[in-house]
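# Structural overview
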Amino acid sequence: MPSKTYKTSETVDFVIVGSGASGGIMARELSRAGNSVVVMEQGPRMQPWDFEHDELKYRNLSGITNNPATNPQTFRSDPSEQAHRIEGRNPLTYARIVGGSSAHFNANFWRLHEIDFIEGSRLGPIAGASLVDWPITYAELEPYYTKVEWEVGVSGLAGSSPFDPWRSKPYPMPPLPVKSSGVLFERGARKLGLHPYPAPMAINSVTYKNRPACAQCGLCGGFGCEVMAKSSSVWTVIPEAEATGRCEIRSESYVFRIGMNKAGRATGVHYFDSDRKEQFQNARAVVVCANGSETPKLLLNSETNGFAHGLANSSGAVGRYLMFNKGGGVQARFENPLNEYRGANVTRVMHDFYDSDPKRGFYGGGGFDARSGGPLTWGQSVPKGTPTWGPGFKEYLESYTYWMNCAGHGTSLAQETNRIDIDPELKDAWGVPSMRVTYKDHPDDIKHANWQIERATEIMDAAGAKQIVAGEVGAATGGVHLLGTCRMGNDPSTSVIDKYHRTHDVRNLFLCDGSSMVTSGRGQPTQTIEALSFRAADYIARFARAGEI
Amino acid sequence: MEQPPASRRQFLAAVGNLASTSWIAMNWPQIAAAAEPAGHHAHDMAHDMAAPTHAVHALSAAEAAEIDAITNQIVPGGTVPGARDANVVSFIDNALGSFFAAQLPSFRKGLADFEGAYAARYGADKPFSAAPDAQQVAWLHEVDKTPFFTAVRRLTVLGLIALPKYGGNRDGAGWKLIGVVDSHTWEPPFGFYDKDYPGFEPYPGTKPYTA
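Residues numbered from 1 in each chain as written. Chains lettered and ligands numbered in written order. Predicted model: local features only at pLDDT ≥ 70, side-chain atom pairs only at ≥ 80, totals over all residues.

## Structural notes on the overall build of chain B
Put simply, the rule is: Each helix corresponds to a stretch of at least 4 residues labelled H or I by DSSP, and each strand to a stretch of at least 2 residues labelled E; elements are numbered beginning at the N terminus. Exposure classes come from backbone-placed C-beta atoms, where a residue is buried if 20 or more other C-beta atoms lie within 10 Å of its own, exposed if 12 or fewer do, and partly exposed in between. We call two residues in contact when their backbone-placed C-beta atoms lie within 7 Å.
A tally of helices and strands in chain B yields 9 helices and 0 strands. In sequence order, the secondary structure elements of chain B are arranged as α-α-α-α-α-α-α-α-α. Looking at chain B as a whole, 36% of its 211 residues are labelled buried. The long-range share in chain B, meaning contacts at least 24 apart out of those at least 6 apart in sequence, stands at 65%.

The structure is reproduced here in structure tokens:
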């Protein structure tokens, strides 16, 4: 079915920048509410048959992600240093195709817990960090978490974890079948008195909404799902948005500046089309859902006379408080083959250590899971003491199917100095000024990651592992969970957007993606980003109806 | 426990049975077309036809012989196939002629240094690749911390396991080595430990519920 197309000269109700986890939902909700919508996506639109089981291409050659050759970034760990490009990779990685990072995610869908929203007041200030409350609570977001599970499609077992936050509805689909890693993780954790449970995953376990069940091919994280069982925007909400007849998905359209008039209102977006020709799309309002790195970059590259330090940046918070999800885990070898390359990546998780516990002497909390990794990536490194070449290395390679990962996923504290801004010199292949990343882990984040490694070691030991290889906690030089860079808040002097995702400074400019998050959560942010998007779209559509945009 | 591998065509047919009829009706021509040209899809190559021969183009024949000898020491052959059986040198040649082309000059310089140092060390007038096994191993132990060796090692692992369409992993030799069966779909049990899983047992005080 051909989707609606608009001329750039037409003034559409909304232009949405980004077609990922948030942008796809925003597009569906706003177009279903009767608005004309154009979604701008930097990358191409791929069809199911375009996705290959090609770990080299997707994990090593930027097959569907931002490419360091054409979309370069610089990095430094301290503001006093000169930032440099990192050899062979970008610090911040996201999928650059229709569907955004929802197309290549692992699909771990964890809700935040009640405590995530109120840690600032609950725990008090932490030196060097900006741990503050969200302007909304879990209760306000709960209906939208449920909406994600039912509208987008999540499998899981409600009520199975004693640590789960309350919920208004069960999952629409049963959990995926357990893998050997899940069984061993569950065995070890139960022995220690812990409470592992079936992983909630945005992957169909049965036919749901005209999409088939998972084929268990084993390649989720980093890959697009060619059977469309993974609940990526490109298979779920985007076709539904197009079906309204009011939404156009404009791929290979790279927005580089937001248009502003003298009255301080957004007028549309400047972008490069697929021929790298400059275009301008008129719109009544702009919603930026470009991810936690591209959203602040776009605002900072949109400075105008009235907004000398970047658009919507009177607080100075645009690009600041960048958070990843720090964590630590182990790799464990067992006596018999697990064949972790088969089946969806994660089948068991555990939230016993979700909450921060002052008794540990540092801030931090997280969840654990049993997971697999692709063989190409796995074979690149060896445990300490294993030969890196020769017969001993070959023997190690032959053991691939006997290994699993037990991974901890945790908090990163918001720090004002951790930020994305614009590199003074570097430009991308379109001539757009590149982002510069400044990031240093908070000492508590490192302590917590090391603490997680100890717990993961205990779990794998209790599970009967023959060999356990502890991960090493290094300084973060990048991430894929890009959070906090346009934080939500009630105070315009300390935050970028209000609780309805409207920028404090520009009435018809809204932001919604990982950048909106005030704290990092514990490792799996996508369901929260999607819940925020459903909620934001609800309010934005109401504002539009009431003429309040 | 091993299940027979499904070819891409079988796989797509199986997906067709699971997807809604409307989706299939709408997309089947493209799916069928995508599955047809054997040779354009690595999985077809792996199962339906012999691996293609790749002309050496980035490396000279002499350079390729040296690299081949090094890869053969990194993952030696034997009962279980090694890097040479997997034609890893062809992957490296392809990689340096295409997606890793930017690394070719430094790679070539590294190889020249490697050869020069080898000749000086052993007073050899023949290349490294002509040396007896024990001498090759001894020399590699001396240089295995160099960036050049590290690069060859990285490329060797990539060439073993990446899709055969990139030139290595001939006849799925790399997959055989690591115990991976090439298939597009799997069903439980996946491995040894999930065979007899009795089902999830709820914790006291919890009441799991489903839709």
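## What to know about the interface of chain A and chain B
To keep it simple, the criterion reads: Three residue categories are used. Nonpolar comprises Ala, Val, Leu, Ile, Met, Phe, Trp, Tyr, Cys and Pro, charged comprises Asp, Glu, Lys and Arg, and polar comprises the others, including Gly.
The interface of chain A with chain B comprises 53 residues on the first partner and 49 residues on the second. Here the residues of the side of chain A that touches chain B are counted per class, giving 30 nonpolar, 17 polar and 6 charged.

## Quick look at the confidence of the model for chain B
Residues and elements named next belong to chain B. The condition that has to hold: Per-residue confidence from the prediction method is given by pLDDT, with values spanning 0 to 100.
Chain-level pLDDT for chain B is 79 on average; 73% of the residues reach the 70-or-more range. Long-range and interchain partners of residues 1-53, a stretch whose pLDDT sits below 50, account for 60 contacts in this model, where long-range means more than four residues apart. ipTM for the predicted complex: 0.94, alongside a pTM of 0.92.

## With respect to unusual backbone geometry
Along the chain, B:Pro188 connects to B:Pro189 via a cis peptide bond; the corresponding omega equals 0°. Of note, B:Pro189 is situated in the segment after helix H9 (173-178). Not every positive phi belongs to a glycine, and A:Glu252 is a case in point at roughly 50°. Structurally, A:Glu252 can be placed in the loop between strand E5 (247-250) and strand E6 (254-260). By C-beta crowding, A:Glu252 is classed as partly exposed, having 19 other C-beta atoms within 10 Å.

## Some remarks on the sheet that holds strand E10 (residues 346-350) of chain A
Strand pairs in the sheet, formed through backbone hydrogen bonds, run parallel or antiparallel to each other. All names here are of chain A. For the record, the criterion: Any two strands with at least two DSSP bridges between them are considered paired. Axis lines are fitted to C-alpha atoms, over the contacting stretch for helices. Their N-to-C directions set the angle, which ranges from 0 to 180 degrees.
On the basis of which strands lie adjacent, the open sheet formed by 6 strands has the order E4-E10-E11-E12-E9-E15 and antiparallel pairing. At either end of the open sheet lies a strand with only one pairing partner, and these are strand E4 (197-198) and strand E15 (467-470). Two strands pair when backbone bridges link them, and E4 and E10 are joined in this way by 2 bridges, in the antiparallel orientation. Note on E10: the bridge partner recorded for Tyr-197 is Val-349. Here helix H10 (residues 443-462) sits on the sheet and contacts strand E9 (329-333), strand E11 (366-371), strand E12 (403-410) and E15; the angle it forms with E12, its principal contact strand, is near 145°.

## What about the sheet that holds strand E3 (residues 74-76) of chain A?
Residues and elements named next belong to chain A. Strand order in the open sheet formed by 3 strands is E3-E14-E13, and the pairing between neighbours is mixed. Of all strands in the sheet, those bounded by a partner on one side alone are E3 and strand E13 (419-427). For this sheet, the mean inter-axis angle between neighbouring strands, taken without regard to orientation, is 35°. For E13 and strand E14 (residues 433-438), the ladder comprises 5 bridges, and the chain directions are antiparallel. Along E14, the bridge assignment pairs Arg-419 with Thr-438.

## A look at the packing of helix H4 (residues 138-153) of chain A against helix H11 (residues 526-545) of chain A
All names here are of chain A. Counted only if it meets this: If an angle is under 35 degrees, it is roughly parallel; if it is over 145, roughly antiparallel; if it lies from 65 to 115, roughly perpendicular; otherwise it is oblique.
Here H4 crosses H11 at 105°, and the two axes come no closer than 8 Å. With respect to H11, the element H4 is oriented roughly perpendicular. Across from Leu-141, Tyr-144, Tyr-145, Lys-147, Val-148 and Val-152 in H4, the residues of H11 making contact are Gln-527, Glu-530, Ala-531, Phe-534 and Arg-535. In terms of residue class, the contact of H4 with H11 is made up of 7 nonpolar, 1 polar and 3 charged.

## As for the environment of A:Ala158
You can see A:Ala158 is positioned in the loop between H4 and helix H5 (180-191). When the 19 C-beta atoms within 10 Å are taken as the criterion, A:Ala158 is described as partly exposed. In sequence terms A:Ala158 and A:Tyr197 are 39 residues apart; their C-alpha atoms lie 9.7 Å from each other. Apart from the residues within four sequence positions on either side, A:Ala158 is in contact with A:Arg167, A:Pro170, A:Tyr171, B:Pro208 and B:Tyr209.

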